[in-house]
Amino acid sequence: MTDRIHLSKAHVSEVEEKYVLEALRSGWIAPLGPMVDRFEREVAERCGVDGALALSSGTAALHLALLELGAGPDTVVVLPSMTFAASANAVAYTGAEPVFVDAAGDGNVDVDLLVATVEAMQHEGRTVAAAMTVDLFGRCCDYTRLGNRLETLGVPLVEDAAEALGATHARRPAGSFGRAAALSFNGNKIMTTSGGGMLLSDDSDLLDRARYLSTQARQPEPWYEHTEIGYNYRMSNVLAALGVGQLERLDSMISRRREIRRRYVEALGDLPGVAFIGRPMEGGDAEDNAWLTCVTIDEEASGASASTLIAALDADNIEARHLWKPMHLQPVFASHHSVLNGVSERLFATGVTLPSGSQLTDEQVDRVISRTRRTLESS
Ligand SMILES: *Cc1c(COP(=O)(O)O)cnc(C)c1O
């Protein structure tokens, strides 16, 4: 059996080894230290924001952002249905009610529907603590279309940029669009600290409060004094060292993912019933970090379903997956209000993410291509 080809595997080099070793030898192991400060500074700069807070996960970053914006019992947070469960879980942790909104054609939230839903909730007399966007699969939402419509309604935006570090919209970096934004450095993301995340904001008060909550809400006293419930959400110095190394290589990893996507587009773009999500064929992905290449399979035109293709690839030891199953279809969230247009259900039924990791060799990508062609051509 040939080696398994993974969807998106961590990709580390001697660069990361150097920084991690430096952190270990410096004696700054945990909890914080100079690598954390450096990592925060460098990521903030990269994302065009004033400040950053390194945390144990992207989910923790979303949780703290929502808490700081006032999400809690008797409030509502409006967010995309087409996302990973972490976006909705963070809302649930605060006690706020998640309200789900459907997608536009590229899977990102339909921003008109997002704004209309916020307005409708406000008309019902509900307090909308925040609206959330998710920059799905490494592609920013349509922030041009969103404009300042949420601000006009008095509702702050939380940007879940967990998948989108390095992407831009109208040349502005992902992570800079909300009052606060979350990044993830989980193992399968565009870059990793093995596990970790970051909260980004221009609002230094928000970051200071979040920093305090993330370290068990400890009051500045010589003993352990607590007036609020806190969390243990900070990132360690050793993991931040891994992040500093990964950030140095981020652009080359993004280039490689783009190259892999181009290879897929060239080799599979002519197959009937196969369409790439986003617009990589017309060069529309220039601002996308190309985290995962996603296609939809029209069963009528191609003769095979998304599930058939995923199973065929798996039989050949290749990991491909369905897109995120929408939150309004998840048993744990199905009872919540959702505003639907059918797009996220169609994308879930027809979508496939192809192996996209920056460490994949050309031979491995060619193996995915030939297996995909064989499956779809023989159907
Ligand atoms: C990965 C991810 C998260 C969560 O990040 P963790 O670091 O794994 O907690 C949140 N939202 C989206 C959209 C993600 O893909």
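Residues numbered from 1 in each chain as written. Predicted model: local features only at pLDDT ≥ 70, side-chain atom pairs only at ≥ 80, totals over all residues. Heavy atoms only, no water.

**Overview of the site of the ligand**
Okay, step 1: Looking at the ligand, there are 15 residues lining it, with Thr-59, Asp-160, Glu-163, Ser-184 and Lys-189 nearest.
Okay, step 2: Between Glu-163 and the ligand, the recorded distance is 2.5 Å, taken from a side-chain N or O atom to an oxygen atom.
Okay, step 3: Breaking the shell around the ligand down by element, the ones donating at least two residues are helix H3 (58–68) and helix H4 (85–94).
Okay, step 4: Looking at the shell around the ligand, its residues break down into 4 nonpolar, 8 polar and 3 charged. (Near = heavy atom within 4 Å. Polar contact = N/O pair within 3.5 Å; in protein donor to acceptor, adjacent residues only side chain to side chain. Helix = DSSP H or I, 4+ residues; strand = E, 2+ residues; numbered from the N terminus. Nonpolar A, V, L, I, M, F, W, Y, C, P; charged D, E, K, R; others polar.)

**Thoughts on the domain arrangement of the protein chain**
Okay, step 1: Each domain of the protein chain was delimited in the assignment, giving domain 1 (14–248) and domain 2 (250–377).
Okay, step 2: Summarising the inter-unit geometry, the C-alpha centres of domain 1 and domain 2 are found 26 Å apart.
Okay, step 3: Between domain 1 and domain 2, the residue contacts involve 44 residues of the former and 34 residues of the latter.
Okay, step 4: Of the roughly 3,300 Å² buried between domain 1 and domain 2, counting both surfaces, carbon and sulfur atoms make up 58%.
Okay, step 5: In this assembly, domain 1 and domain 2 are joined by 2 salt bridges.
Okay, step 6: For Arg-46, the salt bridge identified is with Asp-251, shortest N-O distance 2.9 Å.
Okay, step 7: Within the residue set of the side of domain 1 that touches domain 2, elements represented by two or more residues are H4, strand E3 (97–101), helix H5 (111–123), strand E6 (168–169) and helix H9 (237–268).
Okay, step 8: For the side of domain 1 that touches domain 2, the element with the highest residue contribution is E3, accounting for 5 residues.
Okay, step 9: Partitioning the side of domain 1 that touches domain 2 into residue classes produces 22 nonpolar, 12 polar and 10 charged. (Domains from an automatic or database assignment. Contact = heavy atoms within 4.5 Å. Buried area = accessible area lost by both parts, 1.4 Å probe. Salt bridge = Lys/Arg side-chain N within 4 Å of Asp/Glu carboxyl O.)

**Overview of the packing of helix H2 (residues 34–47) against H9**
Each pair of packed helices can be summarised by the angle the axes make with each other and by the distance between the axes.
Okay, step 1: Contact geometry for H2 and H9: axes closest at 7 Å, N-to-C directions at 30 degrees. The angle between the axes of H2 and H9 places the two elements in the roughly parallel class. H2 and H9 meet at a crossing whose hand is left-handed. Contacts between H2 and H9 involve Pro-34, Met-35, Val-36, Arg-38, Phe-39, Glu-42, Val-43 and Arg-46 from the former and Asn-237, Ala-240, Ala-241, Gly-243, Val-244, Leu-247, Leu-250, Asp-251 and Ile-254 from the latter.
Okay, step 2: Considering only residue class, the contact of H2 with H9 consists of 11 nonpolar, 2 polar and 4 charged. (Axes fitted to C-alpha atoms, helices over the stretch in contact; angles between N-to-C directions. Parallel < 35°, antiparallel > 145°, perpendicular 65-115°, else oblique. Left-handed = near helix turned anticlockwise from the far one by under 90°.)

**A word on the sheet that holds strand E11 (residues 293–297)**
Okay, step 1: Spatial strand order, E10-E11-E13: 3 strands in an open sheet with antiparallel pairing. Every interior strand has two partners, whereas the edge strands, strand E10 (274–276) and strand E13 (351–354), have only one. Averaged over all adjacent pairs, the angle separating strand axes in this sheet is 35 degrees, with direction ignored. (Pairing = 2+ DSSP bridges.)

**Thoughts on the layout of surface pockets**
Okay, step 1: If you add up the space inside the largest pocket, you get close to 270 Å³.
Okay, step 2: Considering the residues around the largest pocket, the lining is formed by 19 residues, among which Asp-106, Arg-139, Cys-140, Cys-141 and Asp-142 are closest to the centre.
Okay, step 3: Two domains share the lining of the largest pocket, each providing at least three of its residues, namely domain 1 (14–248) and domain 2 (250–377). (1 Å grid on protein atoms, 1.4 Å probe; cavity = no way out; pocket = protein on both sides within 12 Å on 5 of 7 lines; lining within 4 Å. Points joined across faces, edges and corners; volume = space filled by probe spheres on them.)

**Observations regarding a nonpolar patch on the surface**
Okay, step 1: Residues Leu-21, Leu-24 and Ile-29 make up a contiguous nonpolar surface patch of roughly 240 Å² in combined accessible area.
Okay, step 2: Within the element layout of this structure, Ile-29 appears in the loop between helix H1 (14–26) and H2.
Okay, step 3: Classification of Ile-29 by relative accessible area gives partly exposed; the value is 38%. (Patch = residues over 30% accessible without salt bridge, like charges linked within 9 Å, V, L, I, M, F, W, Y side chains within 5 Å. Areas by Shrake-Rupley, 256 points an atom, 1.4 Å probe, with all protein chains shown as cover. Buried < 20%, exposed > 50% of the residue type's maximum accessible area, 1.4 Å probe, protein only.)

**Digging into the environment of Ser-81**
Okay, step 1: For Ser-81, the position within the fold is in the loop between strand E2 (75–80) and H4.
Okay, step 2: As for Ser-81 and Leu-24, which are separated by 57 residues in sequence, their C-alpha atoms are 42 Å apart.
Okay, step 3: Among all residues touching Ser-81, those that are not within four sequence positions of it are Phe-100, Val-101, Pro-326, Met-327 and His-328.

**A word on the packing of H3 against helix H8 (residues 204–214)**
Okay, step 1: Their axes nearest at 10 Å, the elements H3 and H8 cross at an angle of 120 degrees. With respect to H8, the element H3 is oriented oblique. In this structure, H3 crosses over H8, and the sense of that crossing is right-handed. Where H3 abuts H8, its residues Leu-64, Leu-67 and Glu-68 lie against Leu-206, Arg-209, Ala-210, Leu-213 and Ser-214.
Okay, step 2: Grouping the amino acids of the contact of H3 with H8 by side-chain chemistry returns 5 nonpolar, 1 polar and 2 charged.

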